[in-house]
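Each chain is listed here by its residues.
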Amino acid sequence: MAKLNILRYPDPRLHKVAQPVTVFDERLATLVADMAETMYDAPGIGLAATQVDVHERVIVIDLSETKDALQVFINPEILWASDERKVYDEGCLSVPGIYDDVERPSKVKVRAQDVKGEFFEIDCDELLAVCIQHEMDHLMGKVFVEYLSPLKRNRIKTKLLKEERGMEREKQLRANGRR
């Protein structure tokens with residue numbers, strides 16, 4: 001297994017729409033394992049392939065405290081969403097350190113495939129409903145900050161770009177032996 005690089009907002013690759021998975025093979029199983037390792041290491045509770053610059057419809061989620069209940073959703077689709085909506089404080093591994101309220105349907109029914117290509121359906125509510133919708137947004141090229149006002153979104157973009165420049169400067173100093 002290998003830890004993958006997580007793209008950071010506002011990287012334009014986060015806006016690519018993921019393509020359906022058509023081949024269920026060892027490469028896919030390795031991608032899922034690498035995504036899970038990356039998610040656990042981050043640490044996070046969900047990760048979409050788009051976030052690691054693989055533009056295929058693959059999601060991993062683990063909401064357990066013990067990090068031993070990995071759920072894999074390949075080619076997920078929402079079959080039904082409740083009219084009832086709920087606001088959750090969301091964060092994202094691609095938008096580190098930023099959390100804000102997002103309103104979404106409180107329950108969804110999802111159809112997806114597992115790593116072997118077998119179809120399954122699952123009723124999701126509470127945090128799982130939020131997480132699956134959040135990760136499915138990534139597959140459609142959407143990041144949760146796009147639900148926020150343009151002012152908030154621009155502030156977040158500016159903050160993250162400034163942090164990125166600082167990290168690049170730090171790398172250059174270390175490379176030149178100045179740290």
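Residues numbered from 1 in each chain as written. Predicted model: local features only at pLDDT ≥ 70, side-chain atom pairs only at ≥ 80, totals over all residues. Heavy atoms only, no water.

**Focus: the overall build of the protein**
Counting its regular elements, the protein contains three helices and seven strands. Taken from the N to the C terminus, the helices and strands of the protein come in the order α-β-β-β-β-β-β-β-α-α. A compact globule built from 179 residues should have a C-alpha radius of gyration of about 16 Å, and the protein, at 17 Å, falls within 12% of that. Once the C-alpha set of the protein is aligned to its principal axes, its extents read approximately 55 × 40 × 30 Å. Accessible area for the protein stands at about 9,900 Å²; split by element, carbon and sulfur atoms hold 50% of it. (Helix = DSSP H or I, 4+ residues; strand = E, 2+ residues; numbered from the N terminus. Rg over C-alpha atoms; globule rule 2.2 N^0.38 Å. Areas by Shrake-Rupley, 256 points an atom, 1.4 Å probe, with all protein chains shown as cover.)

**Some words on the packing of aromatic side chains**
The full count for this structure, using the stated rule, is one aromatic pair. The interplanar angle of 50° and the centroid separation of 5.7 Å between the aromatic rings of Phe 73 and Phe 120 together place this pair among those described as tilted. Here Phe 73 is found in strand S3 (residues 71-81), whereas its partner Phe 120 is found in strand S7 (residues 119-125), with 47 residues between them in sequence. Relative accessible area serves as the criterion here: at 1%, Phe 73 is assigned to the buried category. Between the NZ or CZ atom of Arg 111 and the centre of the ring of Phe 119, over which it lies, the distance is 4.1 Å. Its end group placed over the ring of Tyr 147, Lys 142 keeps NZ or CZ at 4.0 Å from the ring centre. (Phe/Tyr/Trp six-rings, centres within 6.5 Å; stacked < 30°, edge-to-face > 60°. Buried < 20%, exposed > 50% of the residue type's maximum accessible area, 1.4 Å probe, protein only. Lys NZ or Arg CZ within 6 Å of the ring centre and 35° of its normal.)

**What about the nonpolar core?**
With 16 residues, the main nonpolar core has Ile 59, Ile 61, Phe 73, Val 110, Cys 124 and Ile 132 as its most contacted residues. Mapped by element, the contributors of at least two residues to this core are strand S2 (58-61), strand S6 (107-113), S7 and helix H2 (126-139). Broken down by element, this core gets its largest block of residues, six residues, from H2. Ile 132 has contacts with Ile 59, Ile 61, Phe 73, Val 108, Val 110 and Cys 124, leaving out every residue within four places of it along the chain. Membership of the second largest hydrophobic core comes to 14 residues, among which are Val 21, Met 35, Val 52 and Val 58. (Core = buried A, V, L, I, M, F, W, Y, C linked by side-chain atoms within 4.5 Å. Contact = heavy atoms within 4.5 Å.)

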